[in-house]
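Coordinates in review
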Amino acid sequence: MWAIDAFVHVLEGTRERRRRRVADAELAEALPLAVDLVAVAVGAGASFLQALDLAARWAPTVAAQRFEAVRQRIVLGAALPDALSAELSVAPALAPFVTAVVPALRLGAPLAPLLRTVGTEMRAAQVRAAMTRARAVSVRLIFPLVVLVLPAFALLTVVPALVAGWRSI
């Protein structure tokens, strides 16, 4: 009985890790657009908090939820840099955004150029990840080639030749 419980526990842990990985990937995909929305709002004269609120309203759902969570922490009394840093532990995909914005908020540095740079770097990271996945396709195609195509080729070409040669003996 304990073996079944252990198996179920391991299976649940695996599912939870996969769910987290998928959620992080979705957030990483949606984040460049959300960062661009924040950058446009800050560049137009909105405060960073107003920009987060606008981004939470118009960004893709996954990123909007993270920005809304930051806004809720601020409403409950957390400082803006602390609220952003706390959200980093929940969503690791926010790391480039948070590590760039928190020091700028604490030091009073201009945010608009910084946010444009962060958005550009996030899009470049997405392109690199897509290229890495594209390179892995050729490696993954080797398995069907070796397991399906080559045995079929041997079955359709080599075996009939062997059978014909065997019959002539």
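Residues numbered from 1 in each chain as written. Predicted model: local features only at pLDDT ≥ 70, side-chain atom pairs only at ≥ 80, totals over all residues. Heavy atoms only, no water.

This part covers the packing of aromatic side chains. Enumeration over the complete set of coordinates arrives at two aromatic pairs. Taken together, a centroid distance of 6.2 Å and an interplanar angle of 25 degrees make the contact between Phe48 and Phe97 stacked. Placement of the pair is Phe48 in helix α2 (residues 48–58) and Phe97 in helix α5 (residues 95–107), with a sequence separation of 49 residues. Phe48 sits in the buried class, given a relative accessible area of 6%. (Phe/Tyr/Trp six-rings, centres within 6.5 Å; stacked < 30°, edge-to-face > 60°. Helix = DSSP H or I, 4+ residues; strand = E, 2+ residues; numbered from the N terminus. Buried < 20%, exposed > 50% of the residue type's maximum accessible area, 1.4 Å probe, protein only.)

If you check helix α3 (residues 61–75), its first and last C-alpha atoms are 20 Å apart, about what 15 residues at 1.5 Å a residue would give, namely 21 Å. Ala63, Ala64, Arg66, Phe67, Val70 and Ile74 are the residues of α3 that are buried. Around the axis of α3, the buried residues are gathered within 160 degrees of arc, so they sit on the same side. Away from its buried face, by an angle of more than 90 degrees, α3 presents the exposed residues Thr61 and Val75. (Expected span 1.5 Å × (residues − 1). Arc of directions from axis to C-beta.)

Across the interface, helix α1 (residues 2–43) lies against α3 with an axial gap of 7 Å and an inter-helix angle of 75 degrees. Looking at the two axes, α1 sits roughly perpendicular to α3. On α3, the residues that touch Ala23, Glu26, Leu27, Ala30, Leu31, Ala34 and Val38 of α1 are Val62, Ala63, Arg66 and Phe67. A breakdown of the residues in the contact of α1 with α3 according to their chemical character gives nine nonpolar, no polar and two charged. (Axes fitted to C-alpha atoms, helices over the stretch in contact; angles between N-to-C directions. Parallel < 35°, antiparallel > 145°, perpendicular 65-115°, else oblique. Contact = heavy atoms within 4.5 Å. Nonpolar A, V, L, I, M, F, W, Y, C, P; charged D, E, K, R; others polar.)

A few words on the environment of Leu88. Considering the arrangement of structural elements, one finds Leu88 in helix α4 (residues 80–90). Residue Leu88 is classed as partly exposed on the basis of its relative accessible area, which comes to 26%. Sequence spacing of Leu88 and Val98 is ten residues, and the spatial spacing of their C-alpha atoms is 7.0 Å. In this view, Leu88 contacts Leu94, Ala95 and Val98; residues no more than four positions away in its chain are not counted.

Counting 37 residues, the largest nonpolar core has Leu31, Val38, Phe48, Phe67, Phe97 and Leu115 as its most contacted members. Those elements giving two or more residues to this core turn out to be α1, α2, α3, α4, α5 and α6 (112–168). For this core, the leading source of residues is α1, giving nine residues. Look past the residues within four positions of Phe97 in its chain and what remains in contact with it is Val35, Phe48, Leu52, Phe67, Leu84, Leu115, Val118 and Met122. (Core = buried A, V, L, I, M, F, W, Y, C linked by side-chain atoms within 4.5 Å.)

For the structure on display, the rule yields nine salt bridges. With a closest N to O distance of 2.6 Å, Asp36 and Arg123 form a salt bridge. A residue pair is termed long-range when its members are at least 10 positions apart, and Asp36 in helix α1 and Arg123 in helix α6 qualify at 87 residues. Of the residues examined, Asp36 reaches a relative accessible area of 24% and is grouped as partly exposed. Owing to a relative accessible area of 33%, Arg123 belongs among the partly exposed residues under this scheme. Arg73 is the salt-bridge partner of Glu87, the closest N and O atoms lying 3.3 Å from each other. Remark: Arg73 occurs in helix α3 and Glu87 occurs in helix α4; sequence separation between them is 14 residues. (Salt bridge = Lys/Arg side-chain N within 4 Å of Asp/Glu carboxyl O.)

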